[in-house]
Amino acid sequence: MLINSENGVIELETFNIQLYRGMNLEQLKQTDFYKEQYHNMWDVKTGYFWYYFQPIEIKGYQISFSLCFFGNQLDIIHMNTWENGDAKDWNEWTEEKEMKVFHRNNTFLTKILEIPPTQKKKNPYPSCTFKFPWGDVWSVYDPRCASSLMGINCNEEEKTNKK
């Protein structure tokens, strides 16, 4: 399993780790996932720090994680699928290629969540949402930043109730 449908916690069995909103940065840094997959960090200079990780294989897909910490608490979780044919820079990028990533992300989420999307939208941007009592899992293609992303949103009351 990757995303626990009961609480939104991401479980990476290969690394024996759970990623969840409110997780402490020092706790993450002690894990094999951090030690083996950490790629780089971006200090946004607003109290937010993005940590980027090398892709890992999950159910036949290469998945990369971007984890945003506010101070030392995990606040935002983004994910993406990756394949060799994906654009590596702006010279290779096309909207058609990016839409393939968006559709691949949706297929991946449907596979790991084992349910169809609750909601699909074309406007203002193509998106796909899986709703749960604790929050939702989403996928979007955003032409403003020319990229496709997946992520997890927790309901406000759930944010303080994690382990």
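Moving on to the confidence of the model for the protein. When pLDDT is averaged along the protein, the result is 91; 95% of the residues meet or exceed 70. A low-confidence stretch, residues 158-163 stays under pLDDT 50, and its non-local contacts, those more than four residues away or across chains, total 10 contacts.

Assignment of secondary structure puts R104 in helix α3 (residues 95-113). Classification of R104 by relative accessible area gives buried; the value is 11%. Within polar-contact distance, the side chain of R104 engages the side chain of E83 at 3.3 Å. Beyond its immediate sequence surroundings of up to four residues, R104 is in contact with Y61, T81, W82, E83 and D86.

In this model α3 runs 27 Å from its N-terminal to its C-terminal C-alpha over 19 residues, within 8% of the 27 Å that 1.5 Å per residue would give. Three or more residues of α3 are buried, namely E98, V101, F102, R104, N105, N106, F108, L109, I112 and L113. If you follow the buried residues of α3, they end up packed against β5 (56-58), β6 (61-70), β7 (73-82), β9 (127-132), β10 (135-142) and β11 (147-154). Once α3 ends, the next one or two residues include E114, with phi positive near 60°.

Rules used throughout
Sequence order sets the numbering: in each chain, residues are counted from 1 along the sequence as written. A pLDDT threshold of at least 70 governs which residues receive local features in this predicted model, and a stricter bar of 80 or more applies before side-chain atom pairs are shown or counted, although totals over entire chains, interfaces and linings include all residues. As a convention, hydrogens and water are excluded, and side-chain values are obtained from all of the structure's heavy atoms. The predictor rates its confidence in each residue with pLDDT, a number between 0 and 100. Two residues form a contact once any of their heavy atoms are found within 4.5 Å. Under the DSSP-based scheme used, a helix requires at least four consecutive residues in state H or I and a strand at least two consecutive residues in state E, with every element numbered from the N terminus. Only protein chains enter the accessibility calculation, which uses a 1.4 Å probe; a residue whose area is less than 20% of its type maximum is buried, one above 50% is exposed, and one in between is partly exposed. What qualifies as a polar contact is a pair of N or O atoms within 3.5 Å, subject to a donor-acceptor requirement within protein and to the restriction that residues adjacent in sequence count only when both atoms come from side chains. A helix is expected to reach a length of 1.5 Å times the quantity of its residues less one.

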